[in-house]
Amino acid sequence: MFGGLESALARYAPRPELEEVGRVHSLGNGVARVHGLPSAASEEVLLFEGDRCGLVLNLDPDELGVVLLDESQQLAAGSLVRRSGRSLDVPVGPGLLGRVVDPLGRPLDGLGPIQASGRLEVDRPAPPIAARAPVRVPLQTGVKIVDSLFPIGRGQRMLIMGDRQTGKSTLALDTLLNQQGQGVLCVYCFIGQRGAAVAQAVAELRSRGAMAYSIVVVARGEDPPGLHYLAPYAATSLAEYFVEQGQEALVIYDDLTRHARSYREISLLLRRPPGREAFPGDIFYAHSRLLERSTRLLPEWGGGSLTALPIVETEAQNLAAYLPTNLVSITDGQLLLSPELFQKGIMPAVDTGSSVSRVGGDAQLPAYRGLAGELRLSYAQFQELESFSKLASRLDEETRQSLERGRRWRETLKQPEHQGLSAPEQIAILLGVSQGLFDSLDLPLIQERQQQWLVRLREHSPSCLSKLAQGQPLDESLRAELLQVLT
Ligand SMILES: Nc1ncnc2c1ncn2[C@@H]1O[C@H](COP(=O)(O)OP(=O)(O)OP(=O)(O)O)[C@@H](O)[C@H]1O
Ligand SMILES: [Mg+2]
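Residues numbered from 1 in each chain as written. Chains lettered and ligands numbered in written order. Predicted model: local features only at pLDDT ≥ 70, side-chain atom pairs only at ≥ 80, totals over all residues. Heavy atoms only, no water.

A. Quick look at the overall build of the protein chain. From N to C terminus, the protein chain includes 15 helices and 16 strands. A principal-axis box enclosing the C-alpha atoms of the protein chain has dimensions of 110 × 50 × 40 Å. A buried classification covers 53% of the 487 residues belonging to the protein chain. For the protein chain, long-range pairs separated by at least 24 residues make up 73% of all intrachain contacts whose partners lie at least 6 apart in sequence. Taken as a whole, the protein chain presents about 22100 Å² of accessible surface, with 52% of it coming from carbon and sulfur. (Helix = DSSP H or I, 4+ residues; strand = E, 2+ residues; numbered from the N terminus. Buried < 20%, exposed > 50% of the residue type's maximum accessible area, 1.4 Å probe, protein only. Contact = heavy atoms within 4.5 Å. Areas by Shrake-Rupley, 256 points an atom, 1.4 Å probe, with all protein chains shown as cover.)

Below, the structure is given as structure tokens:
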């Protein structure tokens, strides 16, 4: 009668399994203290009850400081915690293009599961110095004032800084939109932005067909601070997958101010000592470790490139605050957006005096370089004259002329949002202005005349435009041909 049981008992040999199990000691605001996992490693993923995970950031002698990556409502003191033995990674691959995901690669767009080609760690080392190539290929933003005066090259890190509501996100979004058909894959990382703003940007990308070459990573406002902190690193890993295939990629961090605030929150909760502005002492390291991952690789290292556009918000245009100065020193240039210009309707509100591109000049198209040099000089002169001429009542003829020309440059460089221009179109317009074709035109008519020029150029001289796009310099015959179309 008990034969079955007896034979089963005879076959049974106990196999002891060792597993470390810890317990939550205390919990709050997205950070947990865990006791009883003595061999857990730094940056290891821990598994909490109910499929929730966290990341070890602090290793103290008798407890772990863990930042939670999921909602923590169902956890309590005493909940069980297990080790996972792995570090944090995200799904990567072309299957993510067109998707909106959270910083752990989980879909937020309701379009079904992610088809990943593999997984990459979130916090990866930057390419070594020996693998890096100089920046030589332009990344066209389609925005005249940026492409002409502060050109960006592929592999460059260009900081966008400015007060609230000065057009920072718009500038980044326009750059992304302008990559259509340029072979640059894009990752837009939203960190703690308003849901409505994110939804609007994603809708804009979808309606313009830009999702086909883009991934959107969103750390929502209500997500725990741990996710905000990880978002830019995860977004970079998504882009690095493509770079390692030898492709070109662009990543936008919108914005690193919110990222730093979340990191500050985590660090204070983990009782790390605060430094300047209560930021943790390693905030500079956190940002440089992130931005050093953007570069252009040598052909023998695959030849891909990762361009980064970090955004940082300033307060009352204070560039000397802790975060902006840190970021200025890490990046290869900055675009400063001025609320004054924005209020005057001079958009994009790029403050030409305080913006600079340290490496992009080498990457600018040859036809652009001569014109841009002229524009830079006469624009700088104009700004000086303009402030000076407010004091002087009578001006000599030459000064008056430079002022009039400068005003026309400024009017020409205005550009509505989401209306990017190709480099050859920009070159043709700048050529027209530098030849004085706008000199006799009233300022309010300039935008309209520009539109007429664009229509004519696209209709009558596609060959000129394609020659310029291929990098041909602006020689006499090309100049004459373009000017003929414009006049
Ligand atoms: N070139 C432009 N032409 C016209 N309107 C613009 C232009 N650039 C931005 N705007 C408008 O200005 C407003 C603010 O732009 P945006 O959201 O990009 O600024 P922001 O600096 O990112 O703001 P926030 O600080 O809230 O993130 C938006 O309504 C946008 O439509
Ligand atoms: Mg913004």
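B. Spatial organisation of the site of ligand 1. With respect to spatial proximity, 14 residues lie near ligand 1, and among them Gln165, Lys168, Ser169, Thr170 and Glu417 are the closest. Here a nitrogen atom of ligand 1 and a backbone polar atom of Gln415 are 2.9 Å apart. Taking Glu417, its side chain carries an N or O atom lying 2.8 Å from an oxygen atom of ligand 1. Per-element tally for the shell around ligand 1: the top contributor is helix 3 (residues 168-177), with 3 residues. Considering only residue class, the shell around ligand 1 consists of 4 nonpolar, 6 polar and 4 charged. Composition of the shell around ligand 1 by domain shows at least three residues from each of domain 2 (90-364) and domain 3 (367-486). (Near = heavy atom within 4 Å. Polar contact = N/O pair within 3.5 Å; in protein donor to acceptor, adjacent residues only side chain to side chain. Nonpolar A, V, L, I, M, F, W, Y, C, P; charged D, E, K, R; others polar. Domains from an automatic or database assignment.)

C. View of the domain arrangement of the protein chain. On domain assignment, one finds that the protein chain holds domain 1 (21-86), domain 2 (90-364) and domain 3 (367-486). One C-alpha centre belongs to domain 1, the other to domain 3, and the line joining them spans 60 Å.

D. Structural context of the sheet that holds strand 14 (residues 305-313). Taken in spatial order, the 8 strands line up as 8-12-11-13-14-10-15-16 in an open sheet, and their pairing is mixed. Edge positions in the sheet fall to strand 8 (100-101) and strand 16 (356-357), since each has one partner strand and no second. Contacting strand 8, strand 11 (184-191) and strand 12 (214-219), helix 4 (residues 195-207) runs over the sheet at an angle of about 175° to strand 12. (Pairing = 2+ DSSP bridges. Axes fitted to C-alpha atoms, helices over the stretch in contact; angles between N-to-C directions.)

E. Examining the packing of helix 5 (residues 225-244) against helix 6 (residues 256-269) more closely. The contact between helix 5 and helix 6 brings their axes to 8 Å, and the two run at 135°. The pairing of helix 5 with helix 6 is recorded here as oblique in orientation. For the pair helix 5 and helix 6, the sense of crossing is left-handed. Across the interface between the two elements, Pro225, Gly226, His228, Tyr229, Pro232 and Tyr233 of helix 5 pack against His259, Ser262, Tyr263, Glu265 and Ile266 of helix 6. (Parallel < 35°, antiparallel > 145°, perpendicular 65-115°, else oblique. Left-handed = near helix turned anticlockwise from the far one by under 90°.)

F. Representation of the sheet that holds strand 4 (residues 52-59). Pairing within the closed barrel is antiparallel, and its 6 strands lie in the order 1-2-5-4-3-6. Strand-to-strand twist in this sheet, taken as the mean axis angle between neighbours without regard to direction, amounts to 45°. Bridge count between strand 4 and strand 5 (residues 64-68): 5 bridges; the pairing is antiparallel. Paired with Asn58 across the strands is Gly65, a residue of strand 5. Strand contacts of helix 6: strand 1 (21-28), strand 2 (31-35), strand 4 and strand 5, with the helix running at about 35° to strand 2, the strand carrying the most contacts.

G. Seen up close, helix 5. The end-to-end C-alpha distance of helix 5, which contains 20 residues, comes to 30 Å, matching closely the 28 Å that a straight helix rising 1.5 Å per residue would cover. Gly246 occupies a position one or two residues after helix 5 and carries a positive phi of about 85°. (Expected span 1.5 Å × (residues − 1).)

H. A look at the environment of Leu27. With respect to the helices, strands and loops of the structure, Leu27 is situated in strand 1. With relative accessibility at 34%, the residue Leu27 sits in the partly exposed group. In sequence terms Leu27 and Ala77 are 50 residues apart; their C-alpha atoms lie 6.8 Å from each other. If near-sequence neighbours (up to four positions away) are discounted, Leu27 is found in contact with Ala32, Leu68, Ser72, Leu75 and Ala76.

I. Geometry of the side chain of Arg33. Structurally, Arg33 is set in strand 2. Among the residues examined, Arg33 registers a relative accessible area of 8% and is labelled buried. A distance of 2.7 Å separates polar atoms of two side chains, one belonging to Arg33 and the other to Glu63. Arg33 has contacts with Arg23, Val24, His25, Ser26, Glu63, Leu64, Leu269, Leu270 and Arg271, leaving out every residue within four places of it along the chain.

J. Spatial organisation of the nonpolar core. Leu238 and Leu474 are the most contacted members of the largest nonpolar core, which totals 129 residues. A per-element tally of this core places helix 5 first, with 12 residues. The contacts of Leu474, once residues within four sequence positions are left out, are Ala367, Leu371, Ile427, Leu431, Leu468, Arg479 and Leu482. (Core = buried A, V, L, I, M, F, W, Y, C linked by side-chain atoms within 4.5 Å.)

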